[in-house]
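# Geometric and topological summary
Given next are the chains, with one letter for each unit.
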Amino acid sequence: MKTLNYEQFRIIESNRKIQNGLVRRLKDSIKKIGYIDARPILVNEKMEIIDGQNRFVACKELGMPIVYAINKSNIENDIIISELNKNQLIWRLSDYV
């Protein structure tokens, strides 16, 4: 789904904080190649962002539609957030080579 209604989304306080440097890099990347719809912002039924808060801010600042998917599982938000965050690896120089 896509929307320009940014006000319907909420940031979950227990999630990682917005990282200005990451938002800046995401905006640069989106300007260069566009937004990849296959990486939607993941929200719960209350429109709270479970995954993708930095992508959300980048798209909002660029005035772009928010591509999102609603998670309808019964798993608690904090568990999903924890699992998704621990599986995101930091790229090292060898990953780029």
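Structural notes, computed from the coordinates. (Residues numbered from 1 in each chain as written. Predicted model: local features only at pLDDT ≥ 70, side-chain atom pairs only at ≥ 80, totals over all residues. Heavy atoms only, no water.)

One pass over the structure, following the stated rule, counts 2 aromatic pairs. With a centroid separation of 5.3 Å and 55° between ring planes, the pair formed by Phe-9 and Phe-56 is classed as tilted. You can see Phe-9 sitting in the loop between strand S1 (2–3) and strand S2 (10–11) and its partner Phe-56 sitting in helix H2 (residues 53–62), a full 47 residues away along the chain. Its relative accessible area of 5% is what places Phe-9 among the buried residues. Taking the centre distance of 5.3 Å and the plane angle of 80° together, the rings of Phe-9 and Tyr-68 count as edge-to-face. Taken as a pair, Phe-9 in the loop between S1 and S2 and Tyr-68 in strand S5 (residues 66–70) lie far apart in primary sequence, 59 residues in all. By the burial criterion, Phe-9 is buried, and Tyr-68 matches it. Of the aromatic side chains, those joined through ring pairs into one cluster are Phe-9, Phe-56 and Tyr-68. (Phe/Tyr/Trp six-rings, centres within 6.5 Å; stacked < 30°, edge-to-face > 60°. Helix = DSSP H or I, 4+ residues; strand = E, 2+ residues; numbered from the N terminus. Buried < 20%, exposed > 50% of the residue type's maximum accessible area, 1.4 Å probe, protein only.)

With respect to topology, 5 strands assemble into an open sheet ordered S1-S5-S3-S4-S2, the strand pairing being mixed. Of all the strands in the sheet, just S1 and S2 have a single pairing partner and so form its edges. Bridge analysis of strand S3 (residues 41–43) against S5 gives 3 bridges, and the strand direction is parallel. Within S5, the residue paired with Ile-41 across the bridge is Tyr-68. Packed onto the sheet, H2 meets S2, S3, strand S4 (48–51) and S5 and runs at close to 120° relative to S4. Across the sheet, helix H3 (residues 77–86) is in contact with S3 and S4; its angle to S4 comes to roughly 35°. (Pairing = 2+ DSSP bridges. Contact = heavy atoms within 4.5 Å. Axes fitted to C-alpha atoms, helices over the stretch in contact; angles between N-to-C directions.)

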